[in-house]
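What follows is the residue order along each chain.
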Amino acid sequence: MKHIAKRDGFTIVELLAAMVISSLVVALVYSMYVFAGSLMSGWERRSDLNTIVEECSHTIEDDILNSSGVVECNDSSLVLESGQIDTISYTFRKGSVSRNGIPFEAAGQVSQGANPVNLEASVLASVDTSTAPGWPVRLWSISIFGRNGEMRDSSVLRLSTPLSSQEILQADSAGSAKD
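Remember, it's a predicted structure, so these values are computed and weren't measured experimentally.

Here is what the cut-offs are and how they apply
Residues numbered from 1 in each chain as written. Predicted model: local features only at pLDDT ≥ 70, side-chain atom pairs only at ≥ 80, totals over all residues. Heavy atoms only, no water. Core = buried A, V, L, I, M, F, W, Y, C linked by side-chain atoms within 4.5 Å. Buried < 20%, exposed > 50% of the residue type's maximum accessible area, 1.4 Å probe, protein only. Helix = DSSP H or I, 4+ residues; strand = E, 2+ residues; numbered from the N terminus. Contact = heavy atoms within 4.5 Å. Salt bridge = Lys/Arg side-chain N within 4 Å of Asp/Glu carboxyl O.

Participant: Outline the nonpolar core, supporting the account with residue identities and numerical values.
Facilitator: Of all hydrophobic cores here, the largest spans 23 residues; its most connected members are Ile-60, Ile-64, Leu-78, Phe-92, Leu-119, Ile-142 and Ile-144. When residues of this core are traced back to their parent elements, those giving at least two are helix H1 (12-66), strand E2 (77-81), strand E3 (87-93), strand E6 (118-128), strand E7 (137-148) and strand E8 (151-162). For this core, the element with the highest residue contribution is H1, accounting for six residues. Apart from the residues within four sequence positions on either side, Leu-119 is in contact with Ile-52, Val-53, Cys-56, Arg-93, Lys-94, Gly-95, Ser-96, Val-97, Phe-104, Ile-144, Phe-145 and Gly-146.

Participant: I'd like to hear about the environment of Thr-59, residue by residue, with values.
Facilitator: Here Thr-59 is to be found in helix H1. Not counting the four nearest positions on each side in its chain, Thr-59 is found in contact with Tyr-90, Arg-99 and Phe-104.

Participant: Tell me what's going on with the pattern of salt bridges, and back it up with residues and numbers.
Facilitator: Counted according to the given criterion, the structure contains two salt bridges. Where Arg-99 meets Asp-63, a salt bridge forms, and the shortest distance between an N and an O atom there is 2.7 Å. One end of the pair, Arg-99, is in strand E4 (residues 96-99); the other, Asp-63, is in helix H1, with 36 residues separating them in the sequence. A salt bridge links Glu-120 to Lys-94, with the nearest nitrogen and oxygen atoms 3.6 Å apart.

Structure, rendered in structure tokens:
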């Protein structure tokens, strides 16, 4: 009977056990990687949505505060005088807010493809003549609503601006014409 020499190495059982354990570790690491990637993608989409809603709100606010008067304000548009000849025109359509014909867009919106950011805006303005010093002011309520798939974000801005001297004269002349 021949004697089998003892050799160094692994048995089949040891190799199979090592393969199963390493496969489980690789699967766990891969699933954590995929989960972290989807979590980061969601955070990025939420951040893009918040950025575009805030950018739109601040741009409208800045334009109102720097304007010299209001030409038109209704459910679908806002037109502001920004100088002697220039105007700034906002158009509000379902899912889109445009400034001078250029829609507000998120930086990464083109690459997002299936879930673009949809914006809706509501701009309300009214004139209040009962202020303490007696100067009429325009009261603004601006609501911006953004949607990206199931995510929602909004911004509400309330401010008051004094009427321009030209608007006060127009209001006085319209009031005296009615008398």
